Amino acid sequence: MESMDIVGKSKEDVTLPKATMFKIIKEMLPQDVRVARDAQDLLVECCVEFINLVSSESNEVCSKEDKRTIAPEHVLKALEVLGFGDYIEDVYAAYEQHKLETMDSPKAGKWSGEKMTEEEALAEQQRMFAEARARMNGGVNITKHSDSDRSLES
């Protein structure tokens, strides 16, 4: 699939937030590893293409079932069809965790009304990043202190 296959969009119109992607890339690597800007840009482009590929295949799976809405099971089937079957268990676990974490969100309509302080929100975000890193590293948790962690310790 070429980048121009995106309905009504040119390649320049479809991208991911680079700052967020760069942060994810940086957090997944040991502190002493540096990534060239060109390599970061390439990784972002690869992510966009991967999303396009999985979305397109998910749509195909959905269409074959005469459905009009892509559901999580269509995405999982698409991963299998595309040869990413080894990742399905991890993807499903992340999906289930996401559902649990968003049950109390305002969008879910079940918000309990409790508010987090900024410090609590930051701590929760760091915990979630650590869990994601552990999943990506095959259960090995590589702890990396960010500047915000250090400022909280002061």
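This one's a predicted model, so the numbers in the text were calculated from it and none came from an experiment. (Residues numbered from 1 in each chain as written. Predicted model: local features only at pLDDT ≥ 70, side-chain atom pairs only at ≥ 80, totals over all residues. Heavy atoms only, no water.)

Visitor: Hey, could you run me through helix H5 (residues 118-136) in this one?
Guide: Given 3.6 residues per helical turn, the α-helix brings residues three or four places apart onto the same face. The end-to-end C-alpha separation of H5 is 27 Å, in line with the 27 Å expected for 19 residues at 1.5 Å each. Once H5 finishes, Gly138 follows within two positions and takes phi at roughly 65 degrees, a positive value. (Helix = DSSP H or I, 4+ residues; strand = E, 2+ residues; numbered from the N terminus. Expected span 1.5 Å × (residues − 1).)

Visitor: What am I meant to see in the packing of helix H3 (residues 72-81) against helix H4 (residues 88-102) here?
Guide: In a pair of packed helices, the angle between the axes and the distance between the axes together describe the arrangement. Remark: H3 packs on H4, axes separated minimally by 10 Å, with the N-to-C direction vectors making an angle of 160 degrees. Taken together, the axes of H3 and H4 are roughly antiparallel relative to one another. As for the relative orientation of H3 and H4, their crossing is right-handed in sense. On the side of H3, the interface is formed by Pro72, Leu76, Leu79 and Glu80, while H4 contributes Ile88, Val91, Tyr92 and Tyr95. Here the residues of the contact of H3 with H4 sort into seven nonpolar, no polar and one charged. (Axes fitted to C-alpha atoms, helices over the stretch in contact; angles between N-to-C directions. Parallel < 35°, antiparallel > 145°, perpendicular 65-115°, else oblique. Left-handed = near helix turned anticlockwise from the far one by under 90°. Contact = heavy atoms within 4.5 Å. Nonpolar A, V, L, I, M, F, W, Y, C, P; charged D, E, K, R; others polar.)

Visitor: What is the right way to read unusual backbone geometry from this model?
Guide: Negative phi values dominate among residues other than glycine, just as trans dominates among peptide bonds. A positive phi angle is found at Asp66, which is not glycine, with a value near 55 degrees. Looking at the element boundaries, Asp66 is found in the loop between helix H2 (37-64) and H3.

Visitor: Looking at this structure, how should I read the packing of aromatic side chains?
Guide: Remark: the centre distance and the inter-plane angle together describe each pair of aromatic rings, the angle taken between the planes. This structure, assessed with the given rule, holds three aromatic pairs. Between Phe50 and Phe84 the ring centres are 5.2 Å apart and the planes differ by 90 degrees, which places this aromatic pair in the edge-to-face class. Of this pair, Phe50 sits in helix H2 while Phe84 sits in the loop between H3 and H4, and the two are 34 residues apart along the sequence. Phe50 sits in the partly exposed class, given a relative accessible area of 36%. Look at Phe84 and you get partly exposed, because its relative accessible area is 25%. Every member of this aromatic cluster is reached through a ring pair, and the members are Phe50, Phe84 and Tyr87. (Phe/Tyr/Trp six-rings, centres within 6.5 Å; stacked < 30°, edge-to-face > 60°. Buried < 20%, exposed > 50% of the residue type's maximum accessible area, 1.4 Å probe, protein only.)

Visitor: Any chance you could explain the layout of surface pockets here in plain terms?
Guide: A probe as big as a water molecule, rolled over the atoms, marks out the empty space that is left. Of the pockets and cavities examined, the largest pocket occupies roughly 1,600 Å³. Counting residues per element, the ones that place at least two in the lining of the largest pocket are helix H1 (18-27), H2, H3, H4 and H5. Considered class by class, the residues forming the lining of the largest pocket number 21 nonpolar, four polar and six charged. (1 Å grid on protein atoms, 1.4 Å probe; cavity = no way out; pocket = protein on both sides within 12 Å on 5 of 7 lines; lining within 4 Å. Points joined across faces, edges and corners; volume = space filled by probe spheres on them.)

Visitor: When you look at H3 in this model, what are you seeing that I'm missing?
Guide: Among the residues of H3, His74, Leu76, Ala78 and Leu79 are the ones counted as buried. Contacts made by the buried residues of H3 are with H2 and H4. Gly83, located one to two residues past H3, shows a positive phi value of around 90 degrees.

Visitor: Would you take a moment to explain the confidence of the model for the protein for this structure?
Guide: Detailed conclusions should not be drawn from predicted coordinates in areas where pLDDT is low. Averaged over all residues, the pLDDT of the protein is 81; the fraction at 70 or higher stands at 74%. Per-element confidence in the protein is highest for H3, whose mean pLDDT is 96, and lowest for helix H6 (residues 147-153), whose mean pLDDT is 48. (pLDDT = per-residue confidence, 0-100.)

Visitor: It is not clear to me how the packing of H4 against H5 should be interpreted in this structure. Could you clarify?
Guide: With their axes 12 Å apart at the nearest point, H4 and H5 run at an angle of 170 degrees to one another. Compared by their axis directions, H4 and H5 come out roughly antiparallel. Each of Ala94, Gln97 and Glu101 in H4 lies in contact with H5, whose residues at this interface are Arg127, Met128, Glu131 and Arg135. Of the residues belonging to the contact of H4 with H5, the class tally is two nonpolar, one polar and four charged.

Visitor: Please explain the pattern of salt bridges as it appears in this structure.
Guide: Opposite charge on two side chains allows them to pair when their charged atoms are near. In total, this model carries seven salt bridges according to the counting rule given. Residue Lys77 is joined to Glu80 by a salt bridge in which the shortest nitrogen-to-oxygen separation is 3.7 Å. Here the residue Lys77 and the residue Glu80 both occupy positions in helix H3, the gap between them amounting to three residues, near one helical turn. Residue classification places Lys77 among the partly exposed residues on the basis of a relative accessible area of 38%. Glu131 serves as the salt-bridge partner of Arg127, at 2.2 Å between the closest nitrogen and oxygen. Here Arg127 and its partner Glu131 are both found in helix H5, four residues apart, which amounts to about one turn of the helix. Given the relative accessible area of 32%, Arg127 is considered partly exposed. Because the salt bridges share partners, they merge into one network encompassing Glu101, Glu124, Arg127 and Glu131. (Salt bridge = Lys/Arg side-chain N within 4 Å of Asp/Glu carboxyl O.)

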